[in-house]
Number of protein chains: 2
Amino acid sequence: MELTERQQEVLDAALALLVERGEAPTMNAVAERASCSKETLYKWFGGREGLLTATVQRQASQVQGLPVPESGVDEEVLRTSLVQFARNWLRTITGEASIALNRLAVGEAGIEGRALGRIVLENGPLAMRRRLEPVLEAGRDAGLLDFADSEEAFRVFFGLVVRDTQIRLLLGDAKRPSRQAIDDHAVQATAQFFALFGADHRGADGRRRKT
Amino acid sequence: MELTERQQEVLDAALALLVERGEAPTMNAVAERASCSKETLYKWFGGREGLLTATVQRQASQVQGLPVPESGVDEEVLRTSLVQFARNWLRTITGEASIALNRLAVGEAGIEGRALGRIVLENGPLAMRRRLEPVLEAGRDAGLLDFADSEEAFRVFFGLVVRDTQIRLLLGDAKRPSRQAIDDHAVQATAQFFALFGADHRGADGRRRKT
DNA sequence: CGGGCATCGTACCGTACGTTACGGTACTGC
DNA sequence: GCAGTACCGTAACGTACGGTACGATGCCCG
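Here the structure is a predicted model, which means the values were calculated and not measured.

**Q** What is the right way to read the packing of helix 4 (residues 48-61) of chain B against helix 7 (residues 116-123) of chain B from this model?
**A** The description of two packed helices rests on the angle between their axes and on the distance between the axes. Residue and element names in this part refer to chain B. Across the interface, helix 4 lies against helix 7 with an axial gap of 10 Å and an inter-helix angle of 5°. Considered as vectors, helix 4 and helix 7 are oriented roughly parallel to each other. In this structure, helix 4 uses Leu52, Thr53, Val56, Gln57, Ala60 and Ser61 to contact helix 7, whose residues at the interface are Leu116, Ile119, Val120 and Asn123.

**Q** How should I be thinking about the packing of helix 1 (residues 5-21) of chain A against helix 4 (residues 48-61) of chain A in this particular structure?
**A** Residue and element names in this part refer to chain A. It is at 9 Å that the axes of helix 1 and helix 4 come closest, and there the two elements cross at 90°. Taken together, the axes of helix 1 and helix 4 are roughly perpendicular relative to one another. Where helix 1 abuts helix 4, its residues Gln8, Val10, Leu11, Asp12, Ala14 and Leu15 lie against Leu51, Ala54, Thr55, Arg58 and Gln59. For the contact of helix 1 with helix 4, the residue count by class is six nonpolar, three polar and two charged.

**Q** Got a minute to help me understand the relation of the copies chain A and chain B in this structure?
**A** Each of the two chain copies goes to the other by way of a rotation about an axis and a shift along it. Relative to chain B, chain A is turned by 180° and slid 0.0 Å along the rotation axis, the superposed coordinates differing by an RMSD of 0.1 Å. Taken together, the turn and the small shift mark the pair as related by a two-fold rotation axis. Taken as a fraction of all interface residues of chain A, those also at the interface in chain B reach 100%, which identifies the copy contact as same-surface.

**Q** Can you help me understand the protein's contact with DNA strand C in this one?
**A** Near DNA strand C lie 15 residues; those nearest to it are Met27(A), Lys38(A), Glu39(A), Arg48(A) and Arg6(B). The sugar-phosphate portion of DNA strand C accounts for 57% of its atoms within 4 Å of the protein, the bases making up the rest. Arg48(A) is positioned such that a nitrogen or oxygen atom in its side chain is 2.6 Å from a phosphate oxygen of DNA strand C. For the surface near DNA strand C, the secondary-structure elements that each account for two or more residues are helix 3 (38-45) of chain A together with helix 3 (38-45) of chain B. It is helix 3 of chain B that contributes the most residues to the surface near DNA strand C, four residues altogether. Taken together, the residues of the surface near DNA strand C sort by class into four nonpolar, five polar and six charged.

**Q** Looking at this structure, I do not really get the interface of chain A and chain B. What am I missing?
**A** Buried accessible area, meaning the area lost when the parts come together, often serves as the stated size of an interface. Between chain A and chain B, the residue contacts involve 49 residues of the former and 49 residues of the latter. Together, the buried faces of chain A and chain B total about 4200 Å²; carbon and sulfur atoms form 61% of this surface. It is Arg155(A), Arg163(A) and Leu171(A) that lose the most area in chain A upon contact with chain B, and together they represent 17% of the buried surface on that side. As a salt-bridge pair, Glu152(B) and Arg163(A) come within 3.2 Å of each other at their nearest N and O atoms. Taken together, the links from chain A to chain B amount to eight residue pairs in polar contact (both at pLDDT 80 or more).

**Q** Any chance you could explain the packing of aromatic side chains here in plain terms?
**A** Residue and element names in this part refer to chain A. With the rule as written, the count across this model stands at 10 aromatic pairs over all chains. Judged by centre distance (5.1 Å) and plane angle (35°), the ring pair of Phe193 and Phe197 falls under tilted. With Phe193 and Phe197 both in helix 11 (residues 179-197), this residue pair falls four residues apart, about one helical turn. A relative accessible area of 0% means that Phe193 is categorised as buried. Three or more aromatic residues link up through ring pairs in this structure, and these residues are Phe147, Phe157, Phe193 and Phe197.

**Q** What am I meant to see in the confidence of the model for chain A here?
**A** Fine structural detail should not be taken from predicted coordinates in areas where pLDDT scores are low. A residue-level look at chain A finds 92% of positions with pLDDT of 70 or above and a mean pLDDT of 90. Contacts from residues 202-211 of chain A, a stretch scored under 50 in pLDDT, to residues over four places away or in other chains number 28 contacts.

About the thresholds
- Residues numbered from 1 in each chain as written.
- Chains lettered and ligands numbered in written order.
- Predicted model: local features only at pLDDT ≥ 70, side-chain atom pairs only at ≥ 80, totals over all residues.
- Heavy atoms only, no water.
- Axes fitted to C-alpha atoms, helices over the stretch in contact; angles between N-to-C directions.
- Helix = DSSP H or I, 4+ residues; strand = E, 2+ residues; numbered from the N terminus.
- Parallel < 35°, antiparallel > 145°, perpendicular 65-115°, else oblique.
- Contact = heavy atoms within 4.5 Å.
- Nonpolar A, V, L, I, M, F, W, Y, C, P; charged D, E, K, R; others polar.
- Least-squares fit on C-alpha atoms with pLDDT ≥ 70 in both.
- Near = heavy atom within 4 Å.
- Polar contact = N/O pair within 3.5 Å; in protein donor to acceptor, adjacent residues only side chain to side chain.
- Buried area = accessible area lost by both parts, 1.4 Å probe.
- Salt bridge = Lys/Arg side-chain N within 4 Å of Asp/Glu carboxyl O.
- Phe/Tyr/Trp six-rings, centres within 6.5 Å; stacked < 30°, edge-to-face > 60°.
- Buried < 20%, exposed > 50% of the residue type's maximum accessible area, 1.4 Å probe, protein only.
- pLDDT = per-residue confidence, 0-100.

Quick look at the structure:
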């Protein structure tokens, strides 16, 4: 859906309220915050459901970015890509807006007919996977990585990067990691991933190699 | 809080409704399902908040179990403990009730004054950590593991075990792993953990060793 | 047997909120 | 100038739901 400037402002207001109050804002609250009439909200977004969906969709689609090389990778480039990826991802999921959005989406995901969970899932973990797997496969093609199943490799990387950070934040743990901690951990998680899947190390672990 | 048989039935009804409908049940619905009067609900649990809290608390406290040896461990015992731990944890978080409960807790975690998020956090990730860290430290004391920070080690183990499984399920991904897949992965995650933190391997990775 | 107690079923109250309706205002094109 | 359009502000409607009140029913205990 194409959005005018004014409509974006409305969604900004909705998101701000969502972050502040911790729950889906009421139509009244959005209208007041955005200084628009409720009738306009209904005209533009169809109703509460549409308004929240539009809010989530716009924010979720902004998680994009960070194009990664898929050909001609060497160890340095691959490592840097993964570190950047990890850092970027951690910054995203520890952000206030992302936490609020994920809480909303998770809270609704069990209800028949609601789309927020699907949207966040598609633009979150699944989008990360779609963008990362080609990178991993390029690394394998270049002889830098060694794994049989790229989905498995992705999931391990995800686990090493995210660990218990996201679920703890979603459950209300107040301790958000600092910028520095995130940067450090991005490097560390990437190193651990290389330790498990780097082609230059012997496989002294439980992963399945190609052979 | 001590709970009578009848009160447990009421909480069973509340949990069943929560799982079925995907959202917190109404007081009317619980009363009808449990064949009790609303007045009784308010008398027993104080109100909606108390009822939901009691429901979550009871279920969350059942995640206990699996005592693990902390002294005299050898490699086999330690490995088995970790595999069991991983398997147990994965079965829990992929269960229908756990998913519904976590959705409820996450959805409320951002709202001032709600306790569900804290309860699930305490009985979930934090409880896992409290029970696992002594095991890891026992493994280190026995010369089987090598890490500087037991919290770090725990978090890596958590990541290797849970990966993106939980967040995807919470967001509504329908593909729950089979029993077999869980068992297999518990073994694999443990092997990967040993590859990173086993004392008998050289550290060709990014973790910090004691020295 | 009879009074107290716990619980059920149901009716009721107040409020929050999604949704709709409508009058008023500014801007645009003819 | 004037119709048409878009939007704002506010009032009103309907419903869902948390919470309360109350009579009816069964049970325990003296």
